[in-house]
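Spelled out from the first residue to the last, the chains are:
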Amino acid sequence: NAGVTQTPKFRVLKTGQSMTLLCAQDMNHEYMYWYRQDPGMGLRLIHYSVGEGTTAKGEVPDGYNVSRLKKQNFLLGLESAAPSQTSVYFCASSVLAGGPYEQFFGPGTRLTVL
Amino acid sequence: DAKTTQPNSMESNEEEPVHLPCNHSTISGTDYIHWYRQLPSQGPEYVIHGLTSNVNNRMASLAIAEDRKSSTLILHRATLRDAAVYYCILRDVDNYGQNFVFGPGTRLSVLP
C-alpha cells in the first residue's frame with residue numbers, strides 16, 4: 001500500500017495563478033481532509049470530505065475549493081493564489097471520523113506564492 | 001472538540017524515558033485522547049490513542065489520569081529518531097470529520 005500520496009511535492013506560483021493539488025489514498029477510506037501548516041504552527045483544516053461527491057468547509061476554507069469525484073482522490077484548488085497561501089499543505093484520510101479513528105497523512109506539498 | 005495544553009518544548013537524553021504531558025481540563029465523556037507526532041519535513045503520524053484506560057503499543061504508552069483531565073505520553077527509551085513535534089488532540093466520538101484540532105504541540109529534542 002502506498003497509503004496517502006500527494007502531487008506535486010513542491011510548487012512556486014505567482015500571485016493570481018491557479019493550481020490544483022492532488023491527494024490519493026489506496027486504503028478505501030471514506031473520509032479525506034486538506035490541512036495547511038504555516039511555519040511554527042499546528043495544522044489547520046481547510047476542507048474535508050465525508051464520502052465520494054460530498055465536501056464540507058473546515059476552519060480556513062476561504063480562497064480554496066475542493067472536489068471528490070472519486071473515492072480515492074481529493075483535489076484542492078486555488079483559483080487565484082495569494083502570498084498568504086504560502087504554506088505546506090497536507091492531505092489525510094481516515095476510515096471514519098470521530099472517536100477512535102486515526103488519520104493517515106501524506107508527505108505534504110510545499111507551496112510558495114510570490 | 002475540547003482544547004488541550006502542552007508545554008512548548010522538552011528535552012531528553014538518548015535512551016532515557018520521556019514523559020510528555022497534556023492537560024485537557026474540559027474533556028467530555030465521549031472525547032478520545034489522540035497523540036500524533038510530526039518528524040521534520042514530514043506529515044503527522046499517529047502514535048496512540050485512548051479513552052479511559054492506559055494504553056500500550058509498540059511506539060509508546062499513554063497514561064490517562066483517573067479524572068481524564070490530563071494524560072501523559074511515555075516514550076520508554078528515547079532515540080534520536082524520536083525528535084519531533086508531539087500533538088495531543090481530543091476527538092469526540094460524534095465528531096464527523098471537522099476540526100481535528102492541532103495546536104502548536106511539544107517540540108521534543110533528544111540529545112545524544
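Structure first, text after, so check above.
Being a predicted model, the structure only gives us computed values, none of them experimental.

Tell me what's going on with the sheet that holds strand S4 (residues 45-50) of chain B, and back it up with residues and numbers.
All names here are of chain B. Within the open sheet, the five strands sit side by side as S1-S9-S8-S3-S4. Their pairing is mixed. At either end of the open sheet lies a strand with only one pairing partner, and these are strand S1 (9-13) and S4. For this sheet, the mean inter-axis angle between neighbouring strands, taken without regard to orientation, is 25°. Relative to strand S9 (residues 106-111), strand S8 (residues 84-92) runs antiparallel, the two sharing three bridges. Bridging across to S9, Ala84 finds its partner in Leu108.

Explain the environment of Ser61 of chain B residue by residue, including any values.
All names here are of chain B. Tracing the sequence through the fold places Ser61 in strand S6 (residues 61-64). Judged by its relative accessible area of 6%, Ser61 is buried. Note: C-alpha distance between Ser61 and Val110 (49 residues apart in sequence) is 18 Å. Every residue in contact with Ser61, bar those within four places of it in the chain, is listed here: Ile48, Val55, Asn56, Thr72, Leu73, Ile74 and His76. Within the structure, Ser61 has its side chain in polar contact with the side chain of Asn56 (distance 2.5 Å).

Let's hear about the interface of chain B and chain A: which residues, and what values?
Counting residues at the interface gives 23 residues for chain B and 22 residues for chain A. Here chain B and chain A share an interface that buries about 1,700 Å² over both sides, 55% of which is from carbon and sulfur atoms. Between the two partners, chain B and chain A, sit zero salt bridges. Contributions of two or more residues to the side of chain B that touches chain A are made by strand S3 (31-38), S4 and S8 of chain B. When grouped by side-chain class, the residues that make up the side of chain B that touches chain A number 10 nonpolar, 11 polar and two charged.

Account for the pairing of strand S1 (residues 4-7) of chain A, naming residues and giving values.
All names here are of chain A. Covered by surrounding structure in S1 are Val4 and Gln6 only, the residues Thr5 and Thr7 on the alternate face being uncovered. Both S1 and strand S3 (residues 19-25) contribute to a ladder of four bridges, which runs antiparallel. Each bridged residue has a counterpart across the sheet, and for Gln6 the counterpart in S3 is Cys23.

I'd like a rundown of the sheet that holds S3 of chain A, residues and numbers included.
Residue and element names in this part refer to chain A. Strand order in the open sheet formed by four strands is S1-S3-S8-S7, and the pairing between neighbours is antiparallel. At either end of the open sheet lies a strand with only one pairing partner, and these are S1 and strand S7 (65-67). When strand polarity is set aside, the average angle formed by the axes of neighbouring strands in this sheet is 20°.

Rules and cut-offs
Residues numbered from 1 in each chain as written. Chains lettered and ligands numbered in written order. Predicted model: local features only at pLDDT ≥ 70, side-chain atom pairs only at ≥ 80, totals over all residues. Heavy atoms only, no water. Pairing = 2+ DSSP bridges. Helix = DSSP H or I, 4+ residues; strand = E, 2+ residues; numbered from the N terminus. Axes fitted to C-alpha atoms, helices over the stretch in contact; angles between N-to-C directions. Buried < 20%, exposed > 50% of the residue type's maximum accessible area, 1.4 Å probe, protein only. Contact = heavy atoms within 4.5 Å. Polar contact = N/O pair within 3.5 Å; in protein donor to acceptor, adjacent residues only side chain to side chain. Buried area = accessible area lost by both parts, 1.4 Å probe. Salt bridge = Lys/Arg side-chain N within 4 Å of Asp/Glu carboxyl O. Nonpolar A, V, L, I, M, F, W, Y, C, P; charged D, E, K, R; others polar.

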